[in-house]
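Coordinates in review
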Amino acid sequence: MNTAGLRTSIDDRSEPRIDVIHRTRLTGADGVDRLVTVVNVSARGLMVRVEGDHAEGDCVQIILPRVGKVAAQVRWSLGGRIGCRLDRMIGMSDYHAILQAMRRA
């Protein structure tokens, strides 16, 4: 939700996301470790294809190349996809290294 109390659209992000296809692991709020696919990423968030239920507000952890396990909050969930905001912004040098690693995989 934004400051006016209106639901924020997926396209109302503060920065663009880069499309990728990267298989990794996500630990859900239930503690279950799942194989997932990251489909886009920015220094502050990502979208993931995942099985199972993940509610808005759930805290998850996802493994990213170079930086390892990072914490994120589910901002939305729809049809096997979740949008997450990272708890901490990824530094630009690490972000570029993550993109390179995802594109090579």
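What comes next is a walk through the structure. (Residues numbered from 1 in each chain as written. Predicted model: local features only at pLDDT ≥ 70, side-chain atom pairs only at ≥ 80, totals over all residues. Heavy atoms only, no water.)

**Some details on the nonpolar core**
- Core analysis: the largest hydrophobic core is formed by 23 residues, its most contacted members being Val38, Val41, Leu46, Val48, Ile62 and Leu64.
- Elements with a contribution of two residues or more to this core: strand 1 (18–27), strand 2 (33–41), strand 3 (45–49), strand 4 (59–64), strand 5 (68–78), strand 6 (81–86) and helix 1 (92–104).
- By residue number, the principal contributor to this core is helix 1, which donates 4 residues.
- Not counting the four nearest positions on each side in its chain, valine 38 is found in contact with Val20, Ile21, His22, Thr24, Leu46, Met47, Val48, Ile62 and Met102. (Core = buried A, V, L, I, M, F, W, Y, C linked by side-chain atoms within 4.5 Å. Buried < 20%, exposed > 50% of the residue type's maximum accessible area, 1.4 Å probe, protein only. Helix = DSSP H or I, 4+ residues; strand = E, 2+ residues; numbered from the N terminus. Contact = heavy atoms within 4.5 Å.)

**A word on the pattern of salt bridges**
- Under the definition given, this model contains 3 salt bridges.
- Ionic pairing is found between aspartate 33 and arginine 25, a salt bridge with its closest N-O pair at 3.6 Å.
- For arginine 34, the salt bridge goes to aspartate 30, with nearest N and O atoms at 2.9 Å.
- Assessed through its relative accessible area of 17%, arginine 34 is described here as buried.
- Judged by its relative accessible area of 49%, aspartate 30 falls in the partly exposed class. (Salt bridge = Lys/Arg side-chain N within 4 Å of Asp/Glu carboxyl O.)

**A look at the side chain of arginine 17**
- Here arginine 17 shows up in the segment before strand 1.
- A polar contact is formed between the side chain of arginine 17 and the side chain of asparagine 40, at a distance of 3.3 Å.
- A polar atom in the side chain of arginine 17 sits 3.3 Å from the backbone oxygen of leucine 46.
- Residues contacting arginine 17, with those up to four places away along its chain left out, are Asn40, Val41, Ser42, Gly45, Leu46, Met47 and Cys84. (Polar contact = N/O pair within 3.5 Å; in protein donor to acceptor, adjacent residues only side chain to side chain.)

**Side note on the pairing of strand 1**
- The sheet contact formed by strand 1 and strand 2 spans 8 bridges and is antiparallel. Bridge pairing in strand 2 places threonine 24 opposite valine 36.
- Between the end of strand 1 and the start of strand 2, which pair antiparallel, lie 5 residues, with glycine 31 showing a positive phi angle near 85°.
- In this structure, strand 1 lies alongside strand 4, joined through 2 bridges in antiparallel fashion. Across the sheet, the residue bridging to threonine 27 is glutamine 61, located in strand 4. (Pairing = 2+ DSSP bridges.)

By themselves these figures say nothing about function.
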